[in-house]
Amino acid sequence: MPINRRQFLFIFSSIAFFRVPLIDAQSKYSATVAVLRRAHINEIQAHLNYLSYAEKAKLENYPGLAYFFYSFALAESVHARNFNRILSALGVQSWEPPKPVVKVFSSKVNLKSALEFEMLDIDRRYPQFVEEAKPEAHGGALENLNYAWDTEKQHRDLIQKMQSGTGIFFGVIASLSAVAIALIVAAFSKTEKEAFLWGNIIAIPIIFLSGIFFPLPEITLFNFGDTPFTIFDLQPTTHAHRAFLQVFLYGAGIGDLLYELTMLLAVTALYFGIGVILYRRFHLKMR
Ligand SMILES: [Fe+2]
Ligand SMILES: [Fe+2]
């Protein structure tokens, strides 16, 4: 249907009415728009990285790590959407960011890459984004840049926890408990061969019954407040295994594992005590 001159002028002026302020906003906030575009690309890259890392973790049978990466991917997509929303409000309508390239390695390397990415965000990219956007003082843009910057700091902390020495710390205590059990074995062994044999007879069941291979039945001996102490809790391997799971799959730190730490230390001390008494009583008398 052809439109007459009056209708044309009405449509034109309506478009102009809405477009002019947006074009004005774009030129007024040109540096902010440039920053938001870069931040948007950066967040899309982070989002796609984490999605791929999560898939890889799933393939490698690390469900906890996959969940961890999925939650990061979600956070990064929120950042990307926030930046895109402000860009739209500033009149950047046809914004098509370039498609990022995602490189995926083993989950261990992916964790390292994730940490490097977050560190760059925290130390280089976001400080620069904020510095460049600050002079134009666009409230929404600055607020969202700072919000994303803070979130990246939380991401860094969580990744560092995943990689932290907490696992090594528990590994050292678990090794001490192995030494304690070895003392008990040595108390009854006359030769190296005998010690090796008895060592295996003890080690295999306590690893097998630690919860690594299958969920353990709850044979409760007593309760520590709300936490049941089961017969399997007498083994150091049960506590070490639980702690390793929490550290490597859920990023737990020592503060989150005080119960397992206390139990592992207590059980280790108990076996050390028994080991020393038995060694003095039997092995030293055998000589
Ligand atoms: Fe982000
Ligand atoms: Fe992040």
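1. A short note on the overall build of the chain
Link 1 in the chain: A tally of helices and strands in the chain yields nine helices and two strands.
Link 2 in the chain: Seen in sequence order, the chain has helices and strands lined up from the N terminus as α-α-α-α-α-α-α-β-β-α-α.
Link 3 in the chain: In the chain, buried positions account for 27% of the 287 residues.
Link 4 in the chain: Looking at the chain alone, contacts between residues at least 24 apart form 74% of all its contacts between residues at least 6 apart.

2. Thoughts on the pairing of strand β1 (residues 220-224)
Link 1 in the chain: Burial runs low along β1: only zero of the five residues are buried.
Link 2 in the chain: Here β1 runs beside strand β2 (residues 227-230); their pairing, made up of four bridges, is antiparallel. Among the inter-strand pairings, F222 is bridged to a residue of β2, identified as F229.

3. Points about the confidence of the model for the chain
Link 1 in the chain: Model confidence for the chain is summarised by a mean pLDDT of 84, while 86% of its residues fall at 70 or above.
Link 2 in the chain: Averaged pLDDT values for the elements of the chain fall to 60 in helix α1 (residues 5-28) and rise to 95 in helix α2 (residues 30-59).

4. What to know about helix α7 (residues 192-208)
Link 1 in the chain: Spanning 17 residues, α7 covers 24 Å between terminal C-alpha atoms, matching the ideal 24 Å at 1.5 Å per step.
Link 2 in the chain: Judged by how many residues are buried, α7 sits mostly at the surface: zero of 17 residues are covered.

5. Some thoughts on the packing of α2 against helix α3 (residues 63-89)
Link 1 in the chain: Relative orientation of the contacting elements α2 and α3 amounts to 160°, with a least axis distance of 8 Å. The angle between α2 and α3 falls in the class roughly antiparallel. Here α2 runs over α3; the crossing is left-handed.
Link 2 in the chain: In terms of residue class, the contact of α2 with α3 is built from 21 nonpolar, five polar and four charged.

6. Notes on the packing of α2 against helix α4 (residues 107-133)
Each packed pair of helices is defined by two parameters, the angle between the axes and the distance between the axes.
Link 1 in the chain: Put simply, α2 and α4 touch, their axes get as near as 11 Å, and they point 170° apart. On the basis of their axis angle, the class for α2 and α4 is roughly antiparallel. Touching A31, T32, V35, R38, A39, N42, A46, N49, Y53, K56 and A57 of α2 are S107, N110, A114, F117, R125, F129, E132 and A133, all from α4.
Link 2 in the chain: For the contact of α2 with α4, the residue count by class is ten nonpolar, five polar and four charged.

7. Some points on unusual backbone geometry
Link 1 in the chain: You will see that A137, though not glycine, has its phi angle at about 45°, which is positive.
Link 2 in the chain: Residue placement: A137 occurs in the loop between α4 and α5 (139-163).
Link 3 in the chain: Owing to 10 C-beta atoms within 10 Å, A137 belongs among the exposed residues under this scheme.

8. As for the nonpolar core
Link 1 in the chain: Counting residues in hydrophobic clusters, the biggest one holds 17 residues, and the most contacted among them are L36, A39, F83, I86, L87, F129 and L145.
Link 2 in the chain: Residue assignment for this core shows that the elements contributing at least two residues are α2, α3, α4 and α5.
Link 3 in the chain: For this core, the leading source of residues is α2, giving five residues.
Link 4 in the chain: Residues within four places of F129 in sequence aside, it is in contact with V35, R38, A39 and L145.

9. Points about α2
Link 1 in the chain: Spanning 30 residues, α2 covers 44 Å between terminal C-alpha atoms, matching the ideal 44 Å at 1.5 Å per step.
Link 2 in the chain: Immediately beyond the C-terminal end of α2, within one or two residues, lies N61, with a positive phi of roughly 70°.

10. Digging into the environment of I201
Link 1 in the chain: Looking at the element boundaries, I201 is found in helix α7.
Link 2 in the chain: A tally of 10 C-beta atoms within 10 Å means that I201 is categorised as exposed.
Link 3 in the chain: Considered as a pair, I201 and V185 are 16 residues apart in the sequence and their alpha carbons are 9.9 Å apart.

11. Remarks on the environment of A75
Link 1 in the chain: Mapping A75 onto the fold places it in helix α3.
Link 2 in the chain: Note: C-alpha distance between A75 and E152 (77 residues apart in sequence) is 9.3 Å.

Parameters at a glance
- Residues numbered from 1 in each chain as written.
- Chains lettered and ligands numbered in written order.
- Predicted model: local features only at pLDDT ≥ 70, side-chain atom pairs only at ≥ 80, totals over all residues.
- Helix = DSSP H or I, 4+ residues; strand = E, 2+ residues; numbered from the N terminus.
- Buried ≥ 20, exposed ≤ 12 C-beta atoms within 10 Å, placed from the backbone.
- Contact = placed C-beta atoms within 7 Å.
- Pairing = 2+ DSSP bridges.
- pLDDT = per-residue confidence, 0-100.
- Expected span 1.5 Å × (residues − 1).
- Axes fitted to C-alpha atoms, helices over the stretch in contact; angles between N-to-C directions.
- Parallel < 35°, antiparallel > 145°, perpendicular 65-115°, else oblique.
- Left-handed = near helix turned anticlockwise from the far one by under 90°.
- Nonpolar A, V, L, I, M, F, W, Y, C, P; charged D, E, K, R; others polar.
- Core = buried A, V, L, I, M, F, W, Y, C linked by C-beta atoms within 7 Å.

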